[in-house]
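What the coordinates show
Letter by letter, the chains look like this.
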Amino acid sequence: MANISPVSDLRNYNTVLEKVSVGSPVYLTVNGRGKYTIRDIEEDEEFEKTKAMLHLMCELNEGRRSGEEEGYVASDDVQAYFHGKDNEIRS
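A brief look at the structure comes next.

**Considerations on the packing of aromatic side chains**
One pass over the full model with this rule turns up 1 aromatic pair. The side chain of Arg 39 reaches across the aromatic face of Phe 47, ending 4.3 Å from its centre.

Following this line, the structure appears as C-alpha cells:
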C-alpha cells in the first residue's frame, strides 16, 4: 500500500523517513495533491539505470527504423568516415 503524507509531516522528518524503504517510497502531497516522492537511494539508482536503458532502447529503435526506411550504411563506409575523422583530429 502506498505511503502518502502531507508535506507538512516533514516538520517531524524522522517519522516520514522511517516509512521509506526499497520498493516503498513516501509520496508527499501539497493541498491534497501529489507533489513529491521520497525514495531509498538504492531504488533511485535503479530508477536512473532503467531510465537510461529505456532511452538507449528508444535510440536503437530509431536507428533500426531509419535503416529500414532510408537504407543502411555499409560497414566499409562507416570505417572510412571514422578514419577520416581520426585524421582530422590528428591534424
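There's plenty left to go through after this.
**Points about the environment of Tyr 27**
By the element assignment, Tyr 27 lies in strand β2 (residues 26-30). If we skip the residues at most four places from it in the chain, Tyr 27 touches Ala 2, Asn 3, Ile 4, Ser 5, Tyr 36 and Thr 37.

**Quick look at the sheet that holds strand β1 (residues 3-6)**
Strand order in this open sheet of 3 strands is β1-β2-β3, and the pairing throughout is mixed. Every other strand in the sheet has two partners, leaving β1 and β3 (33-38) as the edge strands with one partner each. The mean inter-strand angle of the sheet, taken between neighbouring strand axes irrespective of direction, is 35°. Sheet topology note: the β1/β2 ladder contains 4 bridges and is parallel. If you follow Ile 4 over to β2, its bridge partner there is Tyr 27.

**A short note on a nonpolar patch on the surface**
Side chains of Met 53, Leu 56, Met 57 and Leu 60 sit close together on the surface and give an oily, nonpolar patch of about 430 Å² of accessible area. For Leu 60, the position within the fold is in helix α2 (residues 41-70).

**Concerning α2**
In this model, α2 (30 residues) spans 43 Å end to end at C-alpha, consistent with the 44 Å of a helix rising 1.5 Å per residue. Measuring from the backbone nitrogen of Glu 42 back to the side-chain oxygen at the start of α2 gives 2.8 Å, which picks out Asp 40 as the cap. Two residues or fewer past α2, Gly 71 is found with a positive phi of approximately 95°.

Calculation criteria
Residues numbered from 1 in each chain as written. Predicted model: local features only at pLDDT ≥ 70, side-chain atom pairs only at ≥ 80, totals over all residues. Heavy atoms only, no water. Phe/Tyr/Trp six-rings, centres within 6.5 Å; stacked < 30°, edge-to-face > 60°. Lys NZ or Arg CZ within 6 Å of the ring centre and 35° of its normal. Helix = DSSP H or I, 4+ residues; strand = E, 2+ residues; numbered from the N terminus. Contact = heavy atoms within 4.5 Å. Pairing = 2+ DSSP bridges. Axes fitted to C-alpha atoms, helices over the stretch in contact; angles between N-to-C directions. Patch = residues over 30% accessible without salt bridge, like charges linked within 9 Å, V, L, I, M, F, W, Y side chains within 5 Å. Areas by Shrake-Rupley, 256 points an atom, 1.4 Å probe, with all protein chains shown as cover. Salt bridge = Lys/Arg side-chain N within 4 Å of Asp/Glu carboxyl O. Expected span 1.5 Å × (residues − 1). Polar contact = N/O pair within 3.5 Å; in protein donor to acceptor, adjacent residues only side chain to side chain.

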